[in-house]
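Descriptive analysis of the structure
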Amino acid sequence: MIKGSITALVTPFKDNRVDEKSFQSFIDWQIKNGTHGLVPCGTTGESATLTDAEHRRVIALCVEAAAGRVPVIAGAGSNETAVSKAYARHAKEEGADAILVVTPYYNKPNQEGIYQHFKAISESVDVPIVVYNIPGRSVVDITNETMGRLSKLPTVIGCKDATGDVGRVQGLIDRCGEDFIQLSGDDPSSLGHSAHGGKGAISVGSNIAPKAYSDMHEALLSGDFVKAKSLNAKLDRLHKDLFLCPSPAPAKYALSLMGKMEPTVRLPIVPCTDATQRAVEAAMERAGISL
């Protein structure tokens, strides 16, 4: 099942190429530390600057390394519907359990255009779709009414909500039903999102502290909000300070301190500043991460 702490995986680079060995080792470490699911080729994976061949290779590497131990929700988003359809077909061929499809960015479609985009993808390949709503990056927002329509498509199983508005959860339950999988896409609000009825989060912070995030979401799923609140307090600065500079530069810096990969990012993302580095180090210490 898709629930709990799902890591929006960073993509390691070395010599301007995907560092395949580090990536698969990182995935194995994530799973062994309790991560409930994996998202390759999302925003945090720098999908916007991966070549088509790299995108496809990263999905294949992730599915191979996961080896069926946890669900793989492959990034298949694009502002061009035909490209998303092609990525969706490829993800299914590689054995991904589901796909994550972001709202079309830059084009600024209206609600009908958004609906038709997802409908076309749904009709093109039989693979479960998680709709990714992130107006801060895509400019367009999916209304609750449109999400209700999308939930009626046979392959749409849930959504990742990165609006930070936990008040939407009940509105979507009313329109989409209890079985519609609602995932937070915003670490700082994931505690409240779960309290309102969410089933987990696609997380950036879990790249750095998979065990702590897994423990927090397991507490949330079991209804132990006292424990979850305590764990969330330790992770609070990590939730926020990984975004002091454009993501995923701070996350990759943290992982470089842990010996997991190089801190390399691709332009137009640049390495995080010294001030952000110090803040990230302090956030890691607060979260109990050994440097």
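Let me begin by describing the structure that accompanies this report.

Reading guide: rules and limits
Residues numbered from 1 in each chain as written. Predicted model: local features only at pLDDT ≥ 70, side-chain atom pairs only at ≥ 80, totals over all residues. Heavy atoms only, no water. Buried < 20%, exposed > 50% of the residue type's maximum accessible area, 1.4 Å probe, protein only. Helix = DSSP H or I, 4+ residues; strand = E, 2+ residues; numbered from the N terminus. Pairing = 2+ DSSP bridges. Right-handed = clockwise from strand over helix to strand, strands pointing away. Contact = heavy atoms within 4.5 Å. Core = buried A, V, L, I, M, F, W, Y, C linked by side-chain atoms within 4.5 Å. Expected span 1.5 Å × (residues − 1). Arc of directions from axis to C-beta. Axes fitted to C-alpha atoms, helices over the stretch in contact; angles between N-to-C directions. Parallel < 35°, antiparallel > 145°, perpendicular 65-115°, else oblique. Left-handed = near helix turned anticlockwise from the far one by under 90°. Salt bridge = Lys/Arg side-chain N within 4 Å of Asp/Glu carboxyl O. Polar contact = N/O pair within 3.5 Å; in protein donor to acceptor, adjacent residues only side chain to side chain.

**Section: the pairing of strand S6 (residues 98-102)**
Taking burial as the measure, the five residues of S6 include five buried ones, the bulk of the element. Burial along S6 is two-sided: the residues Ala 98, Leu 100 and Val 102 and Ile 99 and Val 101 are all buried. Relative to S6, strand S5 (residues 73-75) runs parallel, the two being bridged by three bridges. Note that in S6 the partner of Gly 75 across the bridge is Leu 100. Following the chain from S5 across helix H3 (residues 81-94) to the adjacent parallel S6, one finds a crossover that is right-handed. Summarising the sheet, S6 and strand S7 (residues 129-133) pair through four bridges and their orientation is parallel. The residue bridging Ile 99 from the neighbouring strand is Ile 129, located in S7. Where the polypeptide runs from S6 across helix H4 (residues 111-124) and back to S7, its parallel neighbour, the crossover connection is right-handed.

**So, helix H7 (residues 168-176)**
The complete set of buried residues in H7 reads Arg 168, Val 169, Gly 171, Leu 172, Ile 173 and Cys 176. Contact partners of the buried residues in H7: S7, helix H6 (144-151), strand S8 (156-161), strand S9 (181-184) and helix H8 (190-195). Gly 177 sits one or two positions beyond H7 and adopts a positive phi of about 95°.

**With respect to the nonpolar core**
Among the nonpolar cores identified, the biggest contains 73 residues, and Ile 99, Phe 118, Val 131, Met 147, Ile 208 and Leu 238 are the most heavily contacted of them. In this structure Phe 118 touches Val 101, Val 102, Thr 103, Ile 129, Val 131, Ile 142, Leu 150 and Leu 153, once residues within four positions along its chain are discounted. Membership of the second largest hydrophobic core comes to 15 residues, among which are Ile 6, Leu 100, Tyr 132 and Ala 162.

**A few points about helix H1 (residues 20-32)**
For H1, which comprises 13 residues, the first-to-last C-alpha distance of 19 Å matches the rise-based estimate of 18 Å (1.5 Å per residue) to within 8%. Those residues of H1 that sit buried are Ser 22, Phe 23, Phe 26, Ile 27, Gln 30 and Ile 31. For H1, the angular spread of buried residues about the axis comes to 170°, placing them on one side. Turned more than 90 degrees away from the buried face of H1 sit Lys 21 and Lys 32, all of them exposed. Structurally, H1 contributes buried residues whose contacts are with strand S1 (4-8), strand S4 (37-39), helix H2 (52-66), helix H9 (210-221) and helix H11 (249-257).

**Here we look at the packing of H11 against helix H12 (residues 274-286)**
Packing of H11 against H12 leaves a shortest axis separation of 10 Å and a crossing angle of 60°. Judged on the interaxial angle alone, H12 and H11 are oblique. In the packing of H11 onto H12, the handedness of the crossing is right-handed. Counting all contacts with H11, which are made through Pro 250, Tyr 253, Ala 254 and Leu 257, the residues of H12 involved are Thr 276, Gln 277, Arg 278, Val 280, Glu 281 and Met 284.

**What about the pattern of salt bridges?**
By the definition in use, this model includes 15 salt bridges. Note that Lys 119 and Glu 123 form a salt bridge whose closest N and O atoms lie 2.8 Å from each other. With Lys 119 and Glu 123 both in helix H4 and four residues apart, this pair spans about one turn of that helix. Overall, the relative accessible area of 25% leaves Lys 119 in the partly exposed class. A salt bridge links Glu 145 to Arg 175, with the shortest nitrogen-to-oxygen separation between them at 3.1 Å. A residue pair is termed long-range when its members are at least 10 positions apart, and Glu 145 in helix H6 and Arg 175 in helix H7 qualify at 30 residues.

**Some thoughts on the side chain of Thr 35**
Looking at where Thr 35 falls in the secondary structure, it is placed in the loop between H1 and S4. Here the side chain of Thr 35 touches Thr 7 through a polar contact of 3.5 Å, side chain to side chain. A polar side-chain atom of Thr 35 sits 2.8 Å from a polar atom in the side chain of Gln 30. In this view, Thr 35 contacts Ser 5, Thr 7, Gln 30, Val 70, Pro 210 and Ser 214; residues no more than four positions away in its chain are not counted.

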